[in-house]
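Summary of the model geometry
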Amino acid sequence: MTAPTPPTDLRVGEKNPKTPTAWAYAWWAVTGALLGFSVVSLLTIGVFLLPVAAVLFVAGILWTALRNESAVAVVGGLAAAPLYIGWINRHGPGRVCDYNPVNDATHCAERFSPWPFAAIAFLLIAASIVAVVTMRGRRESHPIDPSNVLPDASIHLNPTADR
């Protein structure tokens, strides 16, 4: 006979505290986006974005509500930088010229192909989604045992009383 596990501090109808909320995913996605943009633009504005990303990252690690599977959204947030670079180069590859009728000037620039950047962004987003779905499936396949959940705050289950 195995010893019963002690009851948890959850109440009937309460959410599991390890279940991430939408804002937790948003926190980590913004942290990942800032980290991605700071690395891509390290020689310009990235030196100012990197400390902000570091503060958000450390705060997310220290904040108990964010210490769960929502942290994989950092990977999805990293996709913002290559997606933006792909958007900037959307008319490439090659030389792209724009005409400005206000000052009657033409501006030309060399553009990269946007497809490698889009592919990297897609892979990062897909990896984040696959990780979230896998973790959620793993969590749902091992639900909380209802016999361990306290039905009310005033009632405490005594596992040794059933013997």
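Residues numbered from 1 in each chain as written. Predicted model: local features only at pLDDT ≥ 70, side-chain atom pairs only at ≥ 80, totals over all residues. Heavy atoms only, no water.

1. Details of helix H1 (residues 22-40)
Compared with the 27 Å implied by 1.5 Å per residue over 19 residues, the 27 Å span of H1 between its first and last C-alpha is a close match. Of the residues making up H1, those classed as buried are Ala24, Tyr25, Trp28, Thr31, Gly32, Ala33, Leu34, Gly36 and Ser38. (Helix = DSSP H or I, 4+ residues; strand = E, 2+ residues; numbered from the N terminus. Expected span 1.5 Å × (residues − 1). Buried < 20%, exposed > 50% of the residue type's maximum accessible area, 1.4 Å probe, protein only.)

2. Concerning the environment of Ala121
In this fold, Ala121 is placed in helix H5 (residues 115-141). Under the relative-accessibility criterion, Ala121 is labelled buried at 0%. The residues touching Ala121, leaving out its near neighbours within four places in the chain, are Ala79, Pro82 and Leu83. (Contact = heavy atoms within 4.5 Å.)

3. Digging into the nonpolar core
Formed by Ala24, Tyr25, Trp28, Leu66, Val72, Ala73, Val74 and Val132, the largest nonpolar core amounts to eight residues. At the level of secondary structure, the elements contributing two or more residues to this core comprise H1 and helix H3 (73-77). With three residues, the top contributor of residues to this core is H1. When sequence neighbours within four positions are dropped, the list of residues in contact with Val132 reads Tyr25 and Val72. (Core = buried A, V, L, I, M, F, W, Y, C linked by side-chain atoms within 4.5 Å.)

4. Points about the pattern of salt bridges
Here the structure, examined in full by the defined rule, presents one salt bridge. Here Arg95 makes a salt bridge to Glu110, at a shortest N to O gap of 3.2 Å. Within this pair, whereas Arg95 is found in strand S1 (residues 94-100), its partner Glu110 is found in strand S2 (residues 105-111), the two being separated by 15 residues in sequence. Like Glu110, Arg95 is exposed. (Salt bridge = Lys/Arg side-chain N within 4 Å of Asp/Glu carboxyl O.)

5. Remarks on the packing of aromatic side chains
The description of an aromatic ring pair rests on the distance of the ring centres and on the angle between the ring planes. In the structure shown here, the tally under the stated rule is four aromatic pairs. Consider the rings of Trp23 and Trp63, whose centres lie 5.1 Å apart with planes at 45°: the pair is tilted. Here Trp63 lies in the loop between helix H2 (46-62) and H3 and Trp23 lies in helix H1, a separation of 40 residues in the sequence. On the basis of an interplanar angle of 85° and a centroid distance of 5.6 Å, the ring pair of Trp27 and Trp63 is categorised as edge-to-face. Pair noted here: Trp27 is in helix H1 and Trp63 is in the loop between H2 and H3, with a separation of 36 residues, a long-range link. Feature note: the residues Trp23, Trp27 and Trp63 constitute an aromatic cluster, connected by ring pairs. In this arrangement the basic side chain of Arg90 is found over the ring face of Trp87, its NZ or CZ atom lying 4.2 Å from the centre. (Phe/Tyr/Trp six-rings, centres within 6.5 Å; stacked < 30°, edge-to-face > 60°. Lys NZ or Arg CZ within 6 Å of the ring centre and 35° of its normal.)

6. A short note on the side chain of Ser38
For Ser38, the location among the structural elements is in helix H1. In contact with Ser38, not counting residues within four places along its chain, are Gly46, Leu49 and Leu50.

7. Some words on the state of the cysteines
Following the criterion strictly, the structure yields one disulfide and no others. Disulfide pairing is shown between Cys97 and Cys108; the S-S distance is 2.0 Å. Its S-S torsion of about 110° marks the bond between Cys97 and Cys108 as right-handed, since a negative value means left-handed. Of this pair, Cys97 sits in strand S1 while Cys108 sits in strand S2, and the two are 11 residues apart along the sequence. (Disulfide = S-S within 2.5 Å.)

8. What about the pairing of S1?
Where S1 and S2 come together, seven bridges link them in antiparallel fashion. Of the residues in S2, the one forming a bridge with Tyr99 is Thr106. Here S1 folds back onto S2 in antiparallel fashion, the turn holding four residues, of which Asp104 has a positive phi close to 50°. (Pairing = 2+ DSSP bridges.)

Keep in mind that these numbers describe shape and distance, not what the molecule does.
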